[in-house]
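# Inside the fold
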Amino acid sequence: MPTFILGAGFNADAAEEAGRQQHDSGYPLVGDTLRLCFDLPEIPEGKSIEDLFSDALERRYYDPIRKLADRLRSADYYVARALAIAERANCYQRFFRAFPDSSFLTFNYDSPPETFLFCQGRWYPRDGYGVRVTAHLPPGSEEFADKISSALVLHLHGSLCIRTSEYEARRKTGETIAWLTERDEPRYAFDPSSISANFTPFDRDVGADDVEDRIIAPVPDKSKGLKQVFIRDTYTKALAMVQDSDIVVVIGYSFNAHDRGSYQTLLDALRASKGRRLLVVSPDADTVVKAIRPGFPDLAIDPLKATVKQWVTASFPGL
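Sequence positions are assigned chain by chain, starting from 1 and proceeding in written order. The predicted nature of this model means local features are confined to residues of pLDDT at least 70 and side-chain atom pairs, given and counted, to a pLDDT of 80 or more, with totals for whole chains, interfaces and linings taken over all residues. Excluded from the side-chain calculations are hydrogens and water; all other atoms, namely the structure's heavy atoms, are used.

### Side note on the packing of helix α9 (residues 229–243) against helix α10 (residues 260–271)
The criterion, for reference: Angular values range over 0 to 180 degrees, each being the angle between N-to-C directions of two axes fitted as lines to C-alpha atoms, with helices fitted over their stretch in contact. To qualify as a helix, a DSSP run of H or I must reach at least 4 residues; to qualify as a strand, a run of E must reach at least 2; elements of each kind are numbered from the N terminus. By the definition used in this description, the sense in which the near helix is turned from the far one sets the handedness, with an anticlockwise turn below a right angle giving left-handed and a clockwise turn giving right-handed. Only heavy atoms matter for contacts: two residues are in contact if any of them lie within 4.5 Å across the pair. We call Asp, Glu, Lys and Arg charged. Ala, Val, Leu, Ile, Met, Phe, Trp, Tyr, Cys and Pro are nonpolar, and the rest, Gly among them, are polar.
Their axes nearest at 7 Å, the elements α9 and α10 cross at an angle of 35 degrees. Where α9 crosses over α10, the two elements pack in a sense that is right-handed. Residue-level inspection shows Y235, A238, L239, V242 and Q243 of α9 in contact with α10, the latter providing S262, T265, L266, A269 and L270. Residues belonging to the contact of α9 with α10 are distributed by class as follows: seven nonpolar, three polar and no charged.

### A short note on the environment of G130
With respect to the helices and strands, the residue G130 is situated in the loop between α7 (112–119) and β3 (153–155). Spatially, the C-alpha atoms of G130 and S149 are 9.5 Å apart, while their sequence positions differ by 19 residues.

### Details of the packing of aromatic side chains
Quick reminder of the rule: Each Phe, Tyr or Trp ring (for Trp, its six-membered ring) is paired with any other whose centre lies within 6.5 Å, and the angle between the two planes then decides the class: stacked below 30 degrees, edge-to-face above 60, tilted in between. For each residue, the accessible area found with a 1.4 Å probe, counting protein chains only, is set against the maximum for its type, and the residue is called buried under 20%, exposed over 50%, and partly exposed in between.
Applying the stated criterion to the full structure yields 35 aromatic pairs. Between the aromatic rings of F95 and F96, the centroid separation amounts to 4.9 Å while the plane-to-plane angle is 70 degrees, which identifies the pairing as edge-to-face. An identical accessibility class is assigned to F95 and F96; each is buried. Ring plane angle 75 degrees and centroid distance 5.8 Å describe the contact between F118 and Y124, whose orientation is recorded as edge-to-face. Residue classification places F118 among the buried residues on the basis of a relative accessible area of 10%. The rings of F4, F10, Y92, F95, F96, F99, F104, F116, W311 and F316 are connected pair by pair, giving a single aromatic cluster.

### Focus: the sheet that holds strand β2 (residues 104–106)
Note the cut-off: A strand pair is defined by DSSP finding two or more bridges across the two strands.
The strand order across the open sheet formed by six strands is β3-β2-β1-β6-β7-β8, and the pairing between neighbours is parallel. Strands at the two margins of the open sheet, each flanked by one partner only, are β3 and β8 (300–304). The sheet shows a mean angle of 20 degrees between the axes of neighbouring strands, taken without regard to direction. Direction of pairing for strand β1 (residues 2–6) relative to strand β6 (residues 247–251): parallel, over a ladder of five bridges. Considered in β6, the bridge of T3 is made with V248. Against the sheet, α9 touches β1, β2, β3 and β6, its axis set at about 130 degrees to β3.

### Some remarks on helix α4 (residues 49–58)
The set of residues buried in α4 consists of I49, E50, L52, F53, S54 and A56. Buried residues along α4 sit in contact with α3 (30–38) and α5 (63–85). Once α4 ends, the next one or two residues include R60, with phi positive near 55 degrees.

### Considering the pairing of β8
This is how the line gets drawn: Orient the strands so they point away from the viewer; a crossover is then right-handed if the path from the first strand over the helix to the second runs clockwise.
Relative to β8, strand β7 (residues 277–281) runs parallel, the two being bridged by five bridges. Paired with L279 across the strands is D302, a residue of β8. This β-α-β element, β7 to helix α11 (residues 285–292) to β8, shows right-handed connectivity.

As structure tokens, then:
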């Protein structure tokens, strides 16, 4: 049973599959993100896009990350949802149906895996993130109250749909003032914001749309973000899952040097597994594997040069 790790490249075929234009409604590539978030035609010399996000956040300027979130949510609704409910099968439907016993780790903030799996009756927000999540149901939706996920989607860099609360106003006996007090355990709330339709009848846990606090921004140093309680709890589940896997399939993830702290522990967990196999599916798979193989000589790492659509159409070679 493979476990999947998804990167930004997993969504690269989605807009075309949905019959939409990539540049205005699809999941943004690097060039799209540069124009959308910073209104720049190219990356300034000596900088990376991670540097640009970092510079903005250091100035407490959150517009770039909010613009990115808005675009991802738009793609989740207009692209992922459209593909998930389409009567005509597409490569993403076929992919998720082909692995009914698998779970999915993702470095993305968006929600295509949950959208497809929810439509297939395999994922629900209360347990599907690998941690206990509060999710609201309106009256008349009792049939969903006890649904259990058969597949998990673990967001390693956070999710735009999860709000975390570590503190609450609590009044001690005999006191008239409620003090902000740390909760006995964090509260995770399902707030899909503008993509609630993807998960009907579940609706919003209404509150602040604190995008900048829900995710690890795409900055060079993610060490601080990796300490967020939701991220830590997610990694605990993810590492156990990887260690128990026969093979891990990575789709559309570049193993960027900036992300070393994010993927090092995952590959270390894979080294402790029985199979110790890693399959990298990407148009740049040869380059990616050449870069990471020296650091993990005891793993069997195989490249497979293909997009998601090409891999699905070829009936999942390498597995």
